[in-house]
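Each chain, letter by letter, is given below.
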Amino acid sequence: MKATNFFISVLLLMITGVVSAQSPVLSLDDAIRLAVQNNYNIRIARNEAIIDKTNNTPGNAGMLPEVALNFGSTSNINNTKQEFFSGDVRQGSGVNTSNINANVQLGWTIFDGMRMFVSRDRLREIEDIGQVNIRLQIEQTIYQVISAYYNIEQQKKRVSAIEKAIEISAERKAMAELKQNVGTGSIIPVLQAEVDINADSASLERQLWMIKNSKVGLNEILGRSPETEFETTAAAEPDLIPDFESLATQAEQRNSMLVMADKNLRLAELNIKQWEGNKYPTFDLNLGYNFNRSKAEIGILKFNQNSGFSYGLTGRWNLFNGFNNKREIQVARLSLESSKLAMEQQQLSVRSDLYTFYNNYLAASRLSRFEDDNLKVARQNLTITTEKMKAGTIDALELRQAQLNLVDDEFRKITAEFEARMAKLEIQRLTGKFFQN
């Protein structure tokens, strides 16, 4: 029996231990750090935020003047004949004429119904939205990392439970073989124990396969090659959560989706102001320096050159455009109302989700404590059943049933713990705990 147990231990070590010895340990904190640095969605969100920041300039809002340099030169070769009232005639073939002109023009909108200032406020809000979008993406990525990490831990606990089942089946097989050898038992319990070992080994292989696929998924979130090997370590349990109303207050203050909804509401308000700016006139200040020179071989003027400054003030006032501006203001106000409704909807959605996961956490925690009690009974039952098997008062099927009951209880305990952790993780996400200083 000792030799059989040793063989099973070596087998389990070959299946689960070799990779662990060769693979580096990846802590949860290191996984989060790698994801924040390498995750493609986060990197794309950062680039988009840089674009929004780059666009937030006074010039893009229309607050700065525009300066343009214009220049040109033309030359002509003509056959010319000119007759004057005095009777003089001037004519020539291949007559050259040339003209050079250049000017620098400055145009500056000094008043446009305050639309330029509204545009600058919009650009600031869009830049802020870019930052909120980064935060949302980081939150989502951190959630995915922790969720995947917890899932791998859950699968590893299931592996441990199956390994214990294989050890028990091996011990049962050894007892059956011993009874067969001394003539007090048949080969049937031996074969049944071997079937159970094979079934549990298949379950173990399936569980290890699930862990490998889970690691591939986590590597993708971390922006790493799927074949990168690593081992997880036990993650620290999150702090206990407070009462629901305290969580709801935290969510109202820090939830990223509510922050995004508030930014969209602000943009809708600015959109109304921008259309209302069309009710007022626009004034442009114009400054320029002009240069013009012309030369001709035949004509009234042989040479002509002008240079100097120009300045002026122009205005535009759209008094009627088919009520289109009025229509756009009405549409903008309806959009604002929709944004307010969307804000209220998001607030209700966050509170509903928070309440759901809060109840899930409480229920899963109670189930976990209940399964603790069940595990104590199942272990005690397995111990008693094993002793009865050794004494020959029960058959192998009863021992197998006690063994399966223990494994089922351990699986239910693992599932309850995982569900409690996931509910707590959702609560952390909804309350903005990932960014709490």
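Let me sum up the structure you'll find in this document. (Residues numbered from 1 in each chain as written. Predicted model: local features only at pLDDT ≥ 70, side-chain atom pairs only at ≥ 80, totals over all residues. Heavy atoms only, no water.)

**Examining the packing of aromatic side chains**
All chains considered together, the criterion is met by four aromatic pairs. Relative to Phe323, the ring of Phe320 lies with its centre 5.0 Å away and its plane at 90°, an arrangement referred to as edge-to-face. As far as burial versus exposure is concerned, Phe320 and Phe323 are alike and both exposed. Counting every residue linked through ring pairs, the aromatic cluster contains Phe244, Tyr355 and Tyr358. The positively charged end of Arg158 is found above the aromatic ring belonging to Phe411, 4.6 Å away from the centroid. Over the ring of Phe230 we find Lys215, and its NZ or CZ is 5.3 Å from the ring centre. (Phe/Tyr/Trp six-rings, centres within 6.5 Å; stacked < 30°, edge-to-face > 60°. Buried < 20%, exposed > 50% of the residue type's maximum accessible area, 1.4 Å probe, protein only. Lys NZ or Arg CZ within 6 Å of the ring centre and 35° of its normal.)

**Brief notes about the side chain of Arg120**
Within the fold, Arg120 resides in helix H4 (residues 115-182). For the buried residue Arg120, which engages in no salt bridge, the nearest side chain bearing the opposite charge is Glu127, 6.8 Å off. In this structure Arg120 touches Asn56, Thr57, Pro58, Ala61 and Met63, once residues within four positions along its chain are discounted. (Helix = DSSP H or I, 4+ residues; strand = E, 2+ residues; numbered from the N terminus. Lys, Arg positive; Asp, Glu negative; His and termini not counted. Salt bridge = Lys/Arg side-chain N within 4 Å of Asp/Glu carboxyl O. Contact = heavy atoms within 4.5 Å.)

**A few points about the pattern of salt bridges**
Overall, the coordinates contain 24 salt bridges when judged by the stated rule. Of the charged contacts, one joins Arg327 and Glu328 as a salt bridge, the two residues approaching to 3.3 Å between their closest N and O atoms. When the shortest N-O distance is used, the salt bridge between Arg412 and Asp409 registers 1.9 Å. Taken together, the residues span about one helical turn, with Arg412 and Asp409 both in helix H9 (residues 396-430) at a distance of three residues. For Arg412, a relative accessible area of 38% gives the class partly exposed. Look at the salt bridges and you will find they share partners, linking Glu125, Asp128, Lys263, Arg266 and Glu269 into a network.

**Regarding the pairing of strand S3 (residues 89-111)**
Where strand S2 (residues 66-83) lies against S3, 17 bridges are found, and the strand directions are antiparallel. Paired with Asn76 across the bridge in S3 is Thr97. Following S2, the chain reverses through five residues before pairing antiparallel with S3; Gly87 in that reversal takes a positive phi of roughly 100°. Pairing between S3 and strand S5 (residues 282-296): 14 bridges, direction antiparallel. Within S5, the position partnered with Gly107 by the bridge is Asn286. (Pairing = 2+ DSSP bridges.)

**Regarding the sheet that holds S5**
Strands in a sheet are paired, the pairing made by backbone hydrogen bonds, and the direction either parallel or antiparallel. One open sheet accounts for four strands, arranged S2-S3-S5-S6; its pairing is antiparallel. Across the chains shown, the open sheet's two edge strands, defined by having one partner strand only, are S2 and strand S6 (303-316). Each neighbouring strand pair of the sheet contributes to a mean axis angle of 15°, computed without reference to strand direction. (Axes fitted to C-alpha atoms, helices over the stretch in contact; angles between N-to-C directions.)

**A look at the environment of Asn290**
With respect to the helices and strands, the residue Asn290 is situated in strand S5. Remark: the alpha-carbon pair of Asn290 and Leu348, spanning 58 residues in sequence, is separated by 64 Å. Every residue in contact with Asn290, bar those within four places of it in the chain, is listed here: Ala102, Asn103, Gln105, Asn306, Ser307, Gly308 and Ser310. Side chain to side chain, Asn290 and Gln105 meet in a polar contact 3.1 Å long. (Polar contact = N/O pair within 3.5 Å; in protein donor to acceptor, adjacent residues only side chain to side chain.)

**Remarks on the nonpolar core**
Judged by nonpolar contacts, the single largest core of 41 residues is most densely connected at Leu26, Leu28, Val145, Ile146, Tyr150, Leu218 and Leu222. Of all the elements in the fold, those that place two or more residues in this core are helix H2 (28-38), helix H3 (40-55), H4, helix H5 (188-221) and H9. Here Leu222 is in contact with Leu26, Ala31, Leu34, Ala35, Asn38 and Val145, once residues within four sequence places are set aside. The next biggest cluster of nonpolar side chains, apart from the first, holds 15 residues, and it includes Ile241, Ala248, Tyr358 and Leu430. (Core = buried A, V, L, I, M, F, W, Y, C linked by side-chain atoms within 4.5 Å.)

**Points about the packing of H4 against helix H8 (residues 324-391)**
Where H4 contacts H8, the axes come no closer than 11 Å and their chain directions differ by 15°. The angle between H4 and H8 falls in the class roughly parallel. As H4 packs across H8, the resulting crossing turns out to be left-handed. Here H4 contributes Ile168, Glu171, Arg172, Met175 and Lys179 to the contact with H8, which in turn contributes Leu382, Thr386, Met389 and Lys390. When its residues are assigned to classes, the contact of H4 with H8 shows four nonpolar, one polar and four charged. (Parallel < 35°, antiparallel > 145°, perpendicular 65-115°, else oblique. Left-handed = near helix turned anticlockwise from the far one by under 90°. Nonpolar A, V, L, I, M, F, W, Y, C, P; charged D, E, K, R; others polar.)

**As for unusual backbone geometry**
Across the chain, the bulk of peptide bonds are trans and the bulk of non-glycine residues have phi less than zero. Unusually for a residue other than glycine, Met114 sits at a positive phi of about 70°. Position of Met114 relative to the elements: it lies in the loop between S3 and H4. Phi at Phe323 is positive, roughly 65°, even though this residue is not glycine. Mapped onto the elements of the fold, Phe323 is located in the loop between S6 and H8.

**Description of the packing of H4 against H5**
Remark: H4 packs on H5, axes separated minimally by 8 Å, with the N-to-C direction vectors making an angle of 165°. On the basis of their axis angle, the class for H4 and H5 is roughly antiparallel. The two elements H4 and H5 meet at a crossing, and its hand is left-handed.

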